[in-house]
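The residues making up each chain are set out below.
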Amino acid sequence: MKDASEPYLLTPGPLTTSAETKSAMLKDWGSWDSDFNLLTADIRQQLLAMANADPETFVCVPMQGSGTFAVEATLASVTTQTEPTLVLSNGAYGKRAADILRYLGRDVQVMDKGDYLPPLPEEVDAWLTAHPEIASVVLIHCETSSGILNPLEDIARVVERHGKRFIVDAMSSFGGVPLYLDQIPLDALVSSANKCIEGVPGFGFVIIRRRVLEASAGQSHSLSLDLHAQWDYMERTGQWRFTPPTHSVVAFHAALEQHRAEGGVAARFARYRQNRDVLVNGMRHLGFQTLLEDNWLSPIITTFLSPDDTNFDFKTFYAELKARGFVIYPGKLTEVESFRIGHIGQVDSRVMQVLLEAVEHSLNIMQVSCTRPATFPQPA
Ligand SMILES: *Cc1c(COP(=O)(O)O)cnc(C)c1O
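Residues numbered from 1 in each chain as written. Predicted model: local features only at pLDDT ≥ 70, side-chain atom pairs only at ≥ 80, totals over all residues. Heavy atoms only, no water.

Right, let's get into empty space enclosed by the protein. The full count for this structure, using the stated rule, is one cavity of 30 Å³ or more. As for the largest cavity, its lining consists of Thr16, Thr17, Ser18, Thr21, Ile197, Glu198, Ala255, Gln258, Arg268 and Gln346. (1 Å grid on protein atoms, 1.4 Å probe; cavity = no way out; pocket = protein on both sides within 12 Å on 5 of 7 lines; lining within 4 Å. Points joined across faces, edges and corners; volume = space filled by probe spheres on them.)

Written as structure tokens, this is what we have:
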């Protein structure tokens, strides 16, 4: 078992990183230094390659801050003051995207599917037919609040057919789930350092269609989150526009090297899926029920319904698991009691097996005898 003083983070970022990634942060870098700028340039180029994005058509722009900062910078650049944006919402991150747009004073429409039902391509088609005034559509690829993997490719085709701009929050999926821009039509994709590429927190990045970014000059509401200004400065000087999170950038570069050595997106996808399968099968064996049907489960994080047993208490369960070396995540559903277990980061199926033993042990200590949930929501 791992030393409980540094538990496995079974959370969707920050997550457990490798020793190499951590040790890359032991050196200090000047933000103007040419060695550091070469690292930044290499990261931008590698991210485009990871997405199969043609560098003539797409550019990669990193942005300081957590992932939400990059989402806000992107929404401010791609959506305009006058044209409405449709947010396909089925969880906390969809709600957040809509909130950001409202803060920006944008005209927002929300197709609200609640906590865990997927937005379906035919529903998007009907909405866009009924609302031809919409200019942009926002989708969360993996809605981390339930763990659902939304039907990105089919929705992308619908949005393309209607000729709308398409923005994808691929924060928790990019690098761990195949998403290739030579196959999926979209205008901007947002992700961050501390998710499937397994870096540490500090910045996000946007892969955006060059002509969309060019057209956004002067459009941002914000000085520091102006994606176009960041890009323009970086193109001209090779530097970040304001102080970069240098250690996080260097750690990310090391994490990218490990991503490639593991076998790229395909290999990581396979490892995460195996983690999920071992976890889900084992938890079901213990009597737990997943929120989602199998076809909607992502390889990123899984939501389990809390047992109805009065002896079950999430805080105690969390503490028992933490004492055994595992940090899990509370649920984020409004209607039912749940908890989440992530399967990304430096963890493999062996770790998942040990976790399952820890879950069984914790339930015994809590004297939980029945793991069936109280409510059985309509399956997605
Ligand atoms: C992690 C995440 C974000 C960004 O969250 P931050 O806390 O700002 O890093 C955005 N969208 C999704 C789907 C996420 O999983």
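From this point, the discussion proceeds with the structure in view.
In this approach a probe as big as a water molecule rolls over the atoms, and the regions it shows empty are the leftover space. Here the largest pocket is characterised by a volume of approximately 280 Å³. Surrounding the largest pocket, 22 residues form its lining, Gly67, Thr68, Tyr93, Arg96 and Met171 being those nearest its centre. Counting residues per element, the ones that place at least two in the lining of the largest pocket are α3 (67-78), α4 (92-103), β5 (136-140), β8 (165-169) and β9 (188-192). Here the residues of the lining of the largest pocket sort into twelve nonpolar, seven polar and three charged. (Helix = DSSP H or I, 4+ residues; strand = E, 2+ residues; numbered from the N terminus. Nonpolar A, V, L, I, M, F, W, Y, C, P; charged D, E, K, R; others polar.)

By domain assignment, the chain separates into domain 1 (8-12 + 264-366) and domain 2 (24-261). Distance from the C-alpha centre of domain 1 to the C-alpha centre of domain 2: 27 Å. With 24 residues of domain 1 at the contact, the number on the domain 2 side is 31 residues. Together, the buried faces of domain 1 and domain 2 total about 2,300 Å²; carbon and sulfur atoms form 59% of this surface. Looking at the side of domain 1 facing domain 2, the largest losses of area belong to Val265, Arg268 and Trp296, adding up to 29% of the total buried there. Run the count over domain 1 and domain 2 and you get two salt bridges. Here Arg271 makes a salt bridge to Glu198, at a shortest N to O gap of 3.0 Å. For the side of domain 1 that touches domain 2, the elements supplying multiple residues, two or more each, are α10 (264-285) and β11 (301-305). No other element matches the six residues that α10 contributes to the side of domain 1 that touches domain 2. Here the side of domain 1 that touches domain 2 is built from residues that sort into 13 nonpolar, six polar and five charged. (Domains from an automatic or database assignment. Contact = heavy atoms within 4.5 Å. Buried area = accessible area lost by both parts, 1.4 Å probe. Salt bridge = Lys/Arg side-chain N within 4 Å of Asp/Glu carboxyl O.)

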